[in-house]
Amino acid sequence: MKSQDKSQEKETKPPKTKAQEEQKVQTEAESPVEIKKIKKRTVKSPAVRKAQKEKNETDKVLRMLNEAAIRLFGCDVKEVTHQQMFKAVCSVVRDLMVKKRKEFHESYRANDDKQVYYMSMEFLVGRSLHNNLYNLGIEEKVANAVKKCGFEIEELYSIEPDAGLGNGGLGRLASCYLDSMTTLALPGTGFSIRYEFGIFRQKIVDGWQMEFPDDWLSLGDVWLQPREDEAFEVKFGGDVTGWDDNGKYRVTHTNYNSVIAIPYDMYISGYDTGAVNKLVLWSAKSPKSFDMTAFSRGEYAKSLEQNTMAEVISKVLYPADDHIAGKILRLKQQYLLVSASLQSIIANHFERYATLDNLAEKVAIHINDTHPALCVPELMRILVDDHEYGWDDAWKIACDTLTYTNHTVMSEALERWNEQLFKEQLPRIYQIAAEINRRLIAQLNVIYPGDVAKIEYMAVIAHGEIRMANLCLAACHKVNGVSQLHTNILKNGIFKDYYNITPERFTNVTNGIAYRRWLCQANPKLTAFLTEIIGDGFKHDSMELEKLMTYRDNEEVLENLVKIKYENKVNLANYISHANGVKVDPSSLFDVQVKRLHEYKRQLLNVLQILYMYNRIKANPDADFIPRTFIFAAKASAGYVMAKQIIRLIVAVSDMINSDPQTRDKIKVIFVEDYKVSLAEIIIPAAEISEQISIAGKEASGTGNMKLMINGAITLGTLDGANVEINEQVGDENMFLFGLHANEVEALWQKGYNPMDYCNNNPELKAVLEMLTSGKLGTRFDDVVRSLLTNNYGVADAYMILADFNDYVRAQNEVSMTYKDTEKFTRMSLVNIAKAGIFSSDRAVKQYAEEIWNMR
């Protein structure tokens, strides 16, 4: 009854006013119990939890930035300049990588894992900040923290100079592989030189390439950590004396010039991994940095002379070698890299194991092209002279430890040193090379008895030359090419005689690219769209891109790809407008050739076809024509005169066409100066046609073709290098092929190639060549024409530009016709993106690890 009464009593209470209700809510909310409930509910809310987590992470990064700013500049992070903020951010990122490096180092040492040491004269690293933030998964956190301080992360990215420690594909490949080693958690160390100025900064002045110092260390040194207490002495010149000591050969090296190699560590991040590897860069110093006696005599310049001469070694990448001083400097650079690196590797190994008997089990030393070929005699020197191994035992260890990648069939790149110069600069290394050669020739006389020509061709030393490629072939237990075509040429052509003796040593590893940099970082809009439709699995496994093939007939997907490409073209057009002062139409077809300038890459063929196209428009200005923007970017080696002439020709053609009112709305020609990694990251996402037009049989592989492919550019090219494998992936119908095949090139040379016949039988081609010598371009290019039509330069048209010209014109016409059909062209682009996964450097590094380095 009582409960019933209470119930009735409760029901008969008068309704509360609005004010009373509000008061009740407030009172309840303020009660400890309710506050606890609210807090509990807040913690459970995913949105609030995420916001709180982001705030905590941002605050943590802010604290780290503030500590860095105080330590580096003595001020609060909110008071720093743009450059100071850049350095503070890099300092924080480097500290995070140092911590991860320590943990990774301890892990692989505990597992007693084998390590690979990658020797390369080039590592074209580019900018590091964006790459490291992306790989570490902290880009958004750092961007938020930086924004709170009044800066945009993109501004900081643009401040960073490219680490220009390379000239082209060779150096970029080395960097890609180091990235992938880290992503795959393979213990790997890169070795190169800390070039003070790296590759030159290019300016075009009156059409000519001019080279200026590239002072990348002014801000780039923020990534470098010196270890001056772990420097090594490298000896040049002097006298070597040998004697027998109870059956052991001993040597003394006297009167030599000593150079101290100081290591600088650059930490390399990988994508979503606990690993961090190192790139070790050597800087050259003199042990006598200052001559006080000379200074006291008033000889101030002389007092610094020794250190200056030593520092020159690590001053500039690839000094001009068209004079004797340049040749000596290049040889010294190569030996400094090799000697310092091997001394470091052996010292670390011996400290850990107290023996070198197991060197090949725990260490793989990889020679990236012929520049570090001195690894062979230098490793023998260390084993025989420093650790007192007998020759045969030392040779077995060296052969089992060393591996070699050949990157070219070009004769000038298969380095040969003048024997006398080599002997003077590296007397002990010369003695070892001579002994390697003596023993090699003895073996070859057994295998090829009486075949003097063949033996001389295979020798390490012959006709007054030291052959660096043969040094590698004589020693390395694995030798690989970098595309299937290239490897076949090595086996059946220039290395055939070595292959016939030990075919099991030769293999192929087709090049790959660090696709996360070239797709995920350089093309964020395309990456976001791919993630939306196929998921983000491709960020870990590039083969997941194949899922895109499901959408090849999806109109909405194709339309989105067109839109993204257009936005990237607008971005590039804005850059060109700022850098070149030329307005280009983003709706025109962007036809791109970006790579090192060399005659075999045939930028000249491209230019001649543009002039052909120009003449056709002038002859029939009202004809239907697909507007085209031709984009070139390339650097020519400082001493490569013909390459510089071709750049001058491109610029002259650009000036003429872009100023002609009849043609400038139909064709634009742009030469973008100072090509580098960061510029490629702007150009490549905007490209629609990828010009890969080298003569078949000369391009070892190429990697630019892969970067362009994964961004949706369609290859216009010959069946050369990795174009062959691209063709295997996408089929003839998804690229534009032209030109002679490698076997047809060889057959034409055997038959007798006469470029004049092609000129005389093609009036339009003849008219184009006449433009080069008529002054119509504002200047004359007689040297260029002579190189095509006469043999004043050794061989007329050595790269068969005129032989392939007609078929190239046909292919360019096919490009224009296809571009009219937007859906078809975009579908071809989609297929290229989807099929690009095989060209990941992750795949290539796995193959190296399993087939060449014998690593888990």
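To be clear, the structure that these remarks concern was listed above.
Conventions we followed
Residues numbered from 1 in each chain as written. Predicted model: local features only at pLDDT ≥ 70, side-chain atom pairs only at ≥ 80, totals over all residues. Heavy atoms only, no water. Pairing = 2+ DSSP bridges. Helix = DSSP H or I, 4+ residues; strand = E, 2+ residues; numbered from the N terminus. Axes fitted to C-alpha atoms, helices over the stretch in contact; angles between N-to-C directions. Parallel < 35°, antiparallel > 145°, perpendicular 65-115°, else oblique. Left-handed = near helix turned anticlockwise from the far one by under 90°. Contact = heavy atoms within 4.5 Å. Salt bridge = Lys/Arg side-chain N within 4 Å of Asp/Glu carboxyl O. Buried < 20%, exposed > 50% of the residue type's maximum accessible area, 1.4 Å probe, protein only. Polar contact = N/O pair within 3.5 Å; in protein donor to acceptor, adjacent residues only side chain to side chain. Core = buried A, V, L, I, M, F, W, Y, C linked by side-chain atoms within 4.5 Å.

**Observations concerning the sheet that holds strand β25 (residues 736–737)**
For step 1, the next point in the chain: Across the sheet, six strands lie side by side as β22-β21-β20-β23-β24-β25; this open sheet has parallel pairing. The open sheet has two edge strands with one neighbour each: β22 (667–671) and β25.
For step 2, the next point in the chain: The sheet contact formed by strand β20 (residues 589–594) and strand β23 (residues 689–692) spans two bridges and is parallel. Across the sheet, residue V592 finds its bridge partner in β23, namely S690.

**Observations concerning the packing of helix α16 (residues 375–386) against helix α17 (residues 391–401)**
For step 1, the next point in the chain: Viewed as axis vectors pointing N to C, α16 and α17 meet at an angle of 135 degrees, and their least axial separation amounts to 9 Å. In terms of orientation, α16 and α17 fall into the oblique class. Every pair of crossing elements has a handedness; the one defined by α16 and α17 is right-handed. On α17, the residues touching V376, L379, M380, L383 and V384 of α16 are W391, A394, W395, I397, A398 and T401.

**Some thoughts on the pattern of salt bridges**
For step 1, the next point in the chain: Tallying each qualifying case throughout the model produces 48 salt bridges.
For step 2, the next point in the chain: Of the charged contacts in the structure, one is a salt bridge between K454 and D451, with a shortest N-O distance of 3.9 Å.
For step 3, the next point in the chain: For K454, a relative accessible area of 24% gives the class partly exposed.
For step 4, the next point in the chain: Since its relative accessible area comes to 29%, D451 is described here as partly exposed.
For step 5, the next point in the chain: Between R827 and D553 there is a salt bridge; the shortest N-O distance is 3.1 Å. A residue pair is termed long-range when its members are at least 10 positions apart, and R827 in helix α37 (residues 822–834) and D553 in the loop between α25 (524–534) and α26 (555–580) qualify at 274 residues.
For step 6, the next point in the chain: On the basis of relative accessibility, which here comes to 57%, the residue D553 falls in the exposed class.
For step 7, the next point in the chain: Linked through salt bridges whose partners overlap, the residues forming this network are R227, E230, D265 and K278.

**Overview of unusual backbone geometry**
For step 1, the next point in the chain: Positive phi, normally seen in glycine, also occurs at Y318, with a value near 50 degrees.
For step 2, the next point in the chain: Assignment of secondary structure puts Y318 in the loop between α13 (305–311) and α14 (324–353).
For step 3, the next point in the chain: Located in the positive-phi region is N854, a residue other than glycine, with phi close to 55 degrees.
For step 4, the next point in the chain: Assignment of secondary structure puts N854 in the segment after α38 (841–851).
For step 5, the next point in the chain: By relative accessible area, N854 is classed as exposed at 51%.

**Overview of the environment of N255**
For step 1, the next point in the chain: Summarising the element assignment, N255 is placed in the loop between β10 (248–254) and β11 (257–269).
For step 2, the next point in the chain: With relative accessibility at 65%, the residue N255 sits in the exposed group.
For step 3, the next point in the chain: Residues N255 and N658 lie 403 residues apart in sequence; the distance between their C-alpha atoms is 62 Å.
For step 4, the next point in the chain: Residue contacts for N255: discarding those within four places in its chain leaves G238 and D239.
For step 5, the next point in the chain: There is a polar contact of 2.8 Å between the side chain of N255 and the side chain of D239.

**A few points about the pairing of β23**
For step 1, the next point in the chain: Residues of β23 alternate between two faces, with I689 and E691 on one and S690 and Q692 on the opposite face, all of them buried.
For step 2, the next point in the chain: Examined bridge by bridge, β23 and strand β24 (residues 714–717) share four bridges and lie parallel to one another. Among the inter-strand pairings, Q692 is bridged to a residue of β24, identified as G717.

**A few points about the nonpolar core**
For step 1, the next point in the chain: Among the nonpolar cores identified, the biggest contains 150 residues, and L129 and W853 are the most heavily contacted of them.
For step 2, the next point in the chain: Per-element accounting of this core gives the leading share, ten residues, to α14.
For step 3, the next point in the chain: Not counting the four nearest positions on each side in its chain, W853 is found in contact with K114, V116, Y118, M181, A364, H366, T403, V845 and Y848.
For step 4, the next point in the chain: With 70 residues, the next largest nonpolar core counts L608, I610, A811 and F825 among its residues.

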